[in-house]
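Okay, here's what each chain looks like letter by letter:
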Amino acid sequence: MADGAHWRAFAELLRPQRRLVAVMGAVLGVAGALPLVGPLLIARFIDAAIDGASARWLTTLALIYIGIGIARQVMSLLVAWTATDLAWRVTNELRSELTDHVLGLDLSFHRSTSPGELVSRVDGDVTALSDFIARFAVKAIAAVVTLIGIVVVLLFQDWRVGIGLAVYLTLAIATVFRLRNHAVDEAAGEQAATGRMLGEIEERLIGADDLRSNGGGSHAIATFQVASRRVLNAALQRERQGVALWIISNAVFVVGGLMALGLDVVLLRNGTISLGTAYLIFQYTQIMREPLGKLADETERVQRAAGGMVRTLELLAESSTIDDSGEATLSSGAISISINDLSFAYADEDDPQPVLDGISLELGAGRTLGVLGRTGSGKTTLARLLLRLVEPTDGSIAFSGVDVSKVSLADLRARTGVVSQDVHLFGTSIRDNLTLYDESITDADLRAALDELDLLDWVDGMPRGLDTTLGPDGSGLSAGEGQLIALTRLFLRSPDFVLLDEASSRIDPETERRVTAAFDRLLAGRTAIVIAHRLSTVERLDEVLVLDRGRVLEHGETSVLRDQPGSRYGQLLAIGLDAVDEIGTP
Amino acid sequence: MSVTEATESRDRRDEGFAIPTMRAGWRVGVFRSGLWLRSWLTWLAFYMTPLATGWFLKQVFDALESDDGVGSWLLAIGLTETARMVLFAVAIWFVVRWWVAALTMLRTNMLHAQTVSGGPSRASLPAGPAEAISRFHDDARDAVIWSDSWLDGFGNIAFGASALFVMATISVRAALIVLIPLAIVTVVIGWIRPRLYAASEADREATGTVNAFLGETFAGMLAFRLAAREPAVIRRLEQHTERRRKTAVRHVVLEQSVDGLTSTTADVSTGLILLVLVPSVRRGDISVGDMALFVTYVETLGNVPRFLSRLVTAREQAKVSLRRMGALVAPGRFDDLLAARPVAIDRGDAPVHRDPDPERNRLFHLEVTGLTARYPSTEGGISEIDLSIDGGEFVVITGAVGSGKSTLLRALAGLVEHQRGTIRWNGETIDDLGAWFVPPNVAHLPQVPRLFSESLADNITLGRAPDELDEVIDVTTLRTDLDEMPDGVETRVGARGLRLSGGQAQRVATARSLITRPELLLVDDLSSALDVETERSLWSHVRARGTTVLAVSHRQFVLDMADRVITLDDGYVVSEST
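Residues numbered from 1 in each chain as written. Chains lettered and ligands numbered in written order. Predicted model: local features only at pLDDT ≥ 70, side-chain atom pairs only at ≥ 80, totals over all residues.

*Asks:* Describe the overall build of chain A, with residues and values.
*Replies:* From N to C terminus, chain A includes 22 helices and 10 strands. Counting only C-alpha atoms and orienting by the principal axes, one finds that chain A spans roughly 120 × 70 × 55 Å. A fraction of 77% describes how many contacts in chain A between residues 6 or more apart in sequence connect residues 24 or more apart. (Helix = DSSP H or I, 4+ residues; strand = E, 2+ residues; numbered from the N terminus. Contact = placed C-beta atoms within 7 Å.)

*Asks:* Give a description of the domain arrangement of chain A that names residues and reports values.
*Replies:* Each assigned domain of chain A is listed with its residue range as follows: domain 1 (1-158 + 301-316), domain 2 (159-272) and domain 3 (337-425 + 477-582). In this structure, domain 2 of chain A and domain 3 of chain A have C-alpha centres spaced 63 Å apart. (Domains from an automatic or database assignment.)

*Asks:* Which residues make up the nonpolar core, and what values go with them?
*Replies:* In this structure, Tyr279, Val371 and Leu487 of chain A together with Ala102 and Ala143 of chain B are the most contacted members of the largest nonpolar core, which totals 249 residues. Residues contacting Val371 of chain A, with those up to four places away along its chain left out, are Lys379, Leu382, Ile529, Val530, Ile531, Ala532, Leu545 and Leu547 of chain A. Membership of the second largest hydrophobic core comes to 57 residues, among which are Leu409, Trp425, Val442 and Ala551 of chain B. (Core = buried A, V, L, I, M, F, W, Y, C linked by C-beta atoms within 7 Å. Buried ≥ 20, exposed ≤ 12 C-beta atoms within 10 Å, placed from the backbone.)

*Asks:* Let's hear about the interface of chain B and chain A: which residues, and what values?
*Replies:* Tallying the contact residues gives 115 residues for chain B and 107 residues for chain A. Top contributing element to the side of chain B that touches chain A by residue count: helix H8 (residues 230-283) of chain B, with 32 residues. For the side of chain B that touches chain A, the residue count by class is 67 nonpolar, 25 polar and 23 charged. (Nonpolar A, V, L, I, M, F, W, Y, C, P; charged D, E, K, R; others polar.)

*Asks:* Which residues make up the sheet that holds strand E6 (residues 416-419) of chain A, and what values do they have?
*Replies:* Residue and element names in this part refer to chain A. Reading across from one edge, E6-E7-E8-E3-E9-E10 is the order of the 6 strands in this open sheet, with mixed pairing throughout. With one partner strand each, in any of the chains shown, E6 and strand E10 (551-557) form the two edges of the open sheet. Shown here is a sheet whose adjacent strand axes are inclined to one another by a mean of 15 degrees, direction ignored. Of the strand pairs in this sheet, E6 and strand E7 (residues 497-501) are connected by 4 bridges, and their pairing is parallel. Of the residues in E7, the one forming a bridge with Gly417 is Val498. Here helix H18 (residues 479-493) sits on the sheet in contact with E6 and E7, set at roughly 175 degrees to E6. (Pairing = 2+ DSSP bridges. Axes fitted to C-alpha atoms, helices over the stretch in contact; angles between N-to-C directions.)

*Asks:* Mind laying out the packing of helix H1 (residues 5-14) of chain A against helix H12 (residues 299-317) of chain A, listing which residues take part and the relevant values?
*Replies:* Residues and elements named next belong to chain A. One can describe the packing of H1 onto H12 by two numbers: an axis separation of 9 Å at closest approach and a directional angle of 85 degrees. As summarised for this structure, H1 and H12 are arranged roughly perpendicular, according to the angle between their axes. Between H1 and H12, the contacting residues are Ala5, His6, Ala9 and Phe10 on the first element and Ala306, Met309, Val310 and Leu313 on the second. Considering only residue class, the contact of H1 with H12 consists of 7 nonpolar, 1 polar and no charged. (Parallel < 35°, antiparallel > 145°, perpendicular 65-115°, else oblique.)

*Asks:* Talk me through the domain arrangement of chain B; I want residue IDs and the actual numbers.
*Replies:* Buried accessible area, meaning the area lost when the parts come together, often serves as the stated size of an interface. Residues and elements named next belong to chain B. Each domain of chain B was delimited in the assignment, giving domain 1 (18-170 + 329-348), domain 2 (172-285) and domain 3 (365-577). In this structure, domain 1 and domain 2 have C-alpha centres spaced 27 Å apart. Across the contact, 4 residues belong to domain 1 and 4 residues belong to domain 2. Partitioning the side of domain 1 that touches domain 2 into residue classes produces 4 nonpolar, no polar and no charged.

*Asks:* Describe the pairing of strand E8 (residues 548-552) of chain B, listing the residues and the values that go with them.
*Replies:* Looking down a regular strand, the side chains alternate between one sheet face and the other. Residues and elements named next belong to chain B. With 5 of 5 residues buried, E8 is to be regarded as a mostly interior element. Here E8 shows two buried faces, one formed by Thr548, Leu550 and Val552 and the other by Val549 and Ala551. Here strand E3 (residues 394-399) runs beside E8; their pairing, made up of 4 bridges, is parallel. In the strand pairing of E8, Val395 is matched with Leu550. Relative to E8, strand E7 (residues 520-524) runs parallel, the two sharing 5 bridges. Its bridge partner being in E8, Val523 is matched across the sheet by Ala551.

*Asks:* Let's hear about the pairing of strand E3 (residues 368-372) of chain A: which residues, and what values?
*Replies:* Residue and element names in this part refer to chain A. Burial analysis of E3 places 5 of its 5 residues in the buried class, the great majority of the element. Burial along E3 is two-sided: Thr368, Gly370 and Leu372 facing one way and Leu369 and Val371 facing the other are all buried. By the bridge criterion, 4 bridges tie E3 to strand E8 (residues 527-531) in an arrangement that is parallel. Paired with Leu369 across the bridge in E8 is Ile529. Note that E3 and strand E9 (residues 543-548) share 4 bridges and pair parallel. Looking at the pairing, Val371 lines up with Leu545 of E9.

What follows is the structure, encoded as structure tokens:
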């Protein structure tokens, strides 16, 4: 990545919020300049008092001073508010963009990247950016305004003083920043020691019964204290460094203050400056302390933000291998399917074995097909190809005569529907689980769909009906009930081609009855391919396809194959096992 | 829902005792009284230095005005500031050592209550181990912060009072007028603090929601993609992130209000001083040096409200934390949490060793009568168990799953409270089973033993002298496994022993139960750990030692070996055969 590309990308992010950025810039300018005013007022006050100015003028100066003090508080709140607001607005857009992008990436990407890792990239890395804006950038800008302001004001008072201070300031900044950059490692060391100590405690609590009945309690305490000793050493290590940093940066300012006072002596003797100005010079060396300290404390945020932005750009650079340049649309009504010499092999393996090897098939509009085959026969891959989750190595699939690679993905997704074996449920309401967060689906639509699938009493029987909330990752529903949710999801969208991966696990008879009924209603009038795990399912379908090691072993009308001597399907029926997965090598 | 209920009931139970917050703060402080006292003194001196700096600065400006003797005052400032830096380093050196020692004291006391075999201090865990960790970490820290806030609070109050006194010697008006902003800001910060705390909690919770939503969405991405519901997901995500933007803004603004008030207090105080001094200034009663002194003092005085309000907040949080930690020590024995148990973490601390095992009591006869231990919530447990075992006997318990076999062993080991029943060891009634049923009297080998992330040897000896280590390693056939490990018995077994296979872990735990040559061995099903041959030789070995055994087993050869077989059903003894 070109150096600085991440900062350019960062600036790009701010572009949509130009107006807010401008407002904030103005606020920051004022906020940075305000600390300069106080010492100036006191300097005027001193000089005015020595000159014997009127009480009225002195009172005015004092009142302005109070006003400035209050204004500073107000401005600091304004800065905090606008900056935080801006930071989160900008980064929330980035979060949405990233999430959308990640949802569109290939299956292989999702297989190699855990959801937890993705969360840390979409939220964690991006939060480093918003922290950078809200907590570092604004402070940095205000501090720079203050520091430049100090130099400028003093230049006007006496150019030699101004230049001298500028030189001193440069040295002070260089010293303070150089030192702070080292402080991070030691803090990490202390955290690690504490983490190990707490891990040990947790383990001892988990094994408390074993310790008790074997008289090991005092042993646990002795080893815990050894771990605590390490915590103390790490803490002392960190503090040693912290103290050294504090002392050095403090000394820089003490020396600065003393030098300013020494300069005052010289200039006052020359008669170049007034006593008020002498005070001003000294006080300005003191007010530099706060902005510089703040800046130095937060420099690590810059590194974290830069790292976050780099990783974010990397994530955005990941692209999908599914080509979505097709613009064709499918004609309305049920879809016919023709599969033509379809092959697939995983590209990322050294010795690609074809998972599917030259499959051809025709399925008329409105027909239903059951697919049988053992694990590894290519059923799942066939399903993924039909859904365009992966691209074929060779051959093609056409829906209603149009090659699917020419159809826009949006149209394809709108016309096809799938119920996978492991239905994903979410820790939210039943309603959200059914609509998949689509708020345009009304409760009335939802109830109508449920009623048609004969599932209304099932949902109404839940503690809070549609508002019933599932646990994390949808815990609280059985696998069979998950299938009911998935069937309803599908029914709500009314697709013209349906792909079902039947649940292979056993479900209770009542749910089984509901699933079968809902399933039959769903398939009526639609083209469907069912990856079947039970022979009883296939019996209700028009055609059967038996796959073996990526090839078609058998394909035909269910009613024909059932009675045809020597057919694989017929043999399976004869064995009488219902669950096909349990069958040995055919 | 159930989680909330559990939390509520726990909170209600915790309400049962009053928290002596002040006393706890004191006891945490004086746990290392020498370090604490030295921290007090150095921090006090540290907080007082601006008093001297301000006064010297006044002399400098007065000398500037009259044009003489500036150099010595500048030197005085330099020396004071140097002293201040030295004091800072010394104070940190004391306070960190006190701090970690105090944390270790609280943690040691909780760990003691949770792992001690018997006695009145023994306590059970109110919630899961993971939840308890926050009590060892955050709550212990909050209690120490409370004690620590006294140091800063005292230093600041002492500075404030002295500064006001010095200011009053120059101008009483100036000193008095400063009290107004100080009082107002103290009240305002006191008002903001709890809101700030609530806002930061809300912010954390909103972040948790965003993360949970994203995690689930990525895990179930296919569902959204295949249903073309990505836009709906993004809209929902935006609702969550929008909410978090609002909580974050509220949090930051409140945080900034507290932070900013320090300089605001100083600014407003300075302005007010200038205002009331106008007449004196015009009369020439107030010098430029006086004004420099006021400004310097007032800048530091601006910190006082923050430290005062911190005392209040620290007290509130300590109260909650002490209550939560109190739930980890025995009910009604809150002072166990503050006990001055030995802590050995610093140089000069006397090392802490494991306690010696209790004295061995030869077992001639064990008599159990009417032992009943039923779990309140479930059906399981044991009822009216009578057992009479002679020293050296080999008794096997068998029965279906859920018949109470494990509960019987656990009740004897004192791990399950029993409601009724008497246990006599050589005729002597044992009241505190937990304290008595430990090695070398008794060892208990549970069905699922737990290991710890220390060396294999330590897992077996639990800190005892390794006299019999070799023998138990041979008996449990660990020798061949050890030969393949890089560091032999010193091999570290990883968190919870996860680097070992299931069978290895079981055998390590078996070795642990044998190493003290206990009088009575309570064994809950060895079959998953050992093959038939090894188990057979192990039992012969144990029998040869004359150890009395009460073992749960289903293996036929074990039943054949037994002197007696007791069959349990639904918690009752249904048959006994020899």
